[in-house]
Amino acid sequence: MCMAMQKPPRQAALVSIHDVMPETLTQTAAIVRFLERLGVHRLTMLVVPAKQWSSADLAKLHQWQACGIELAGHGWQHRAARMATAWHRLHGLLVSRNEAEHLSLDQDAAACIVSSCYRWFAENGLASPTFYVPPAWAMGRLSRSCLAMLPFAFYETHAGVWDTRTRRFVSMPVVGYMADTAVRTAALRAWNAVNLALPGAAVRIAVHPQDLNLPLKTDLERHLARFRRFETCSELMAAHLAALPSRVGGHGLAGPEMMSTPPSKSET
């Protein structure tokens, strides 16, 4: 009877390494080795283009891409040039610090960041990515109709992934480990527990450059052990889109997704 009440193990995880830039490549390589030791060989790296990339740095990205690691876009500078609104300042205090690059921009400026990010890969001899994750998962004023006109196929927020090809939103829980204070550690551990308990066949596991030196490293190891297989975003969306919970035209999960953009009076 107890066995009948047990939840089935999740089938797949999307593991992503965030904030990949020249100054974090040593940490990124250490995370790749850490993941490989735990049996994770399919993963996605979120690359920040507007940094001082040397030829050796770019060669490392080429090497990882040739080994099957998916490269994705992750903003342009990964820093907000300004916090022009009370909403952005609140978001920075509670969630993103100064990393939510999109939040104080109008739609055209944010779209320019996305397009520039996409072009950077081909300009540096890399395969063009299909996956974009805004810094701090904060899409800002970019509407879904605008995203459909931009070059990436998939856009990730806190709540899940928006597929511009099918115009479907796939709700997908996310867990993270970037907690550098006791309060953040407790809050993030609680957040992770809630998200791992949500229904669905897949979950996103977000790893940041400092995570192997932070208190939740052991949680990361335990969480990775729950999964039977690991996939890139493109693989996961292709294989599981029809099976995962989705909402057409909806907001996905409640909670942190609503932190991405302040409510509009015109929303119903």
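Residues numbered from 1 in each chain as written. Predicted model: local features only at pLDDT ≥ 70, side-chain atom pairs only at ≥ 80, totals over all residues. Heavy atoms only, no water.

Attention now goes to the overall build of the protein chain. Within the protein chain, the regular secondary structure consists of 9 helices and 11 strands. Out of the 268 residues in the protein chain, the part that is buried amounts to 51%. Long-range contacts, defined here as pairs at least 24 residues apart, represent 73% of the contacts in the protein chain between residues at least 6 apart. (Helix = DSSP H or I, 4+ residues; strand = E, 2+ residues; numbered from the N terminus. Buried < 20%, exposed > 50% of the residue type's maximum accessible area, 1.4 Å probe, protein only. Contact = heavy atoms within 4.5 Å.)

Here we take up the confidence of the model for the protein chain. The predicted model of the protein chain has a mean per-residue pLDDT of 82, with 76% of residues at 70 or higher. By mean pLDDT, the top-scoring element of the protein chain is helix H3 (residues 55-66) (98), and the lowest-scoring one is helix H1 (residues 2-5) (40). Across residues 1-8, where pLDDT falls below 50, the model places 1 contact with residues more than four positions away in sequence or in other chains. (pLDDT = per-residue confidence, 0-100.)

Time to look at H3. Over its 12 residues, H3 extends 16 Å from the first C-alpha to the last, a length consistent with the 16 Å expected when each residue adds 1.5 Å. Structurally, H3 contributes buried residues whose contacts are with strand S1 (12-20), helix H2 (25-37), strand S2 (44-47), strand S3 (70-73) and helix H5 (107-123). Just past H3, the residue Gly68 takes up positive phi, approximately 100 degrees. (Expected span 1.5 Å × (residues − 1).)

Our focus in this paragraph is the pattern of salt bridges. Summed over all chains, the structure comprises 6 salt bridges. Ionic pairing is found between Arg189 and Asp219, a salt bridge with its closest N-O pair at 2.9 Å. One end of the pair, Arg189, is in helix H7 (residues 182-197); the other, Asp219, is in helix H8 (residues 217-224), and 30 residues separate them in sequence. Assessed through its relative accessible area of 39%, Arg189 is described here as partly exposed. Put simply, Arg229 and Glu231 hold a salt bridge, and the shortest N to O gap is 2.8 Å. (Salt bridge = Lys/Arg side-chain N within 4 Å of Asp/Glu carboxyl O.)

Let us now look at the packing of aromatic side chains. The geometry of an aromatic ring pair is captured by the separation of the ring centres together with the interplanar angle, meaning the angle of the planes. Applying the stated rule across the entire model yields 7 aromatic pairs. Aromatic pair Trp120 and Phe121: ring centres 5.2 Å apart, planes at 85 degrees, arrangement edge-to-face. There is no split in this pair, since Trp120 and Phe121 are both buried. The structure contains a cluster of three or more aromatic residues connected by ring pairs, namely Tyr118, Tyr132, Phe152 and Tyr155. (Phe/Tyr/Trp six-rings, centres within 6.5 Å; stacked < 30°, edge-to-face > 60°.)

Moving on: the pairing of S2. Side chains of S2 alternate between two faces, with Thr44 and Leu46 and Met45 and Val47 buried alike. For the segment spanning S1, H2 and S2, crossover handedness is right-handed. Looking at chain direction, S2 and S3 are connected through 4 bridges and run parallel. When the bridges of S3 are listed, Val47 appears paired with Gly73. In this view, the connection linking S2 to its parallel neighbour S3 by way of H3 has right-handed handedness. (Right-handed = clockwise from strand over helix to strand, strands pointing away. Pairing = 2+ DSSP bridges.)

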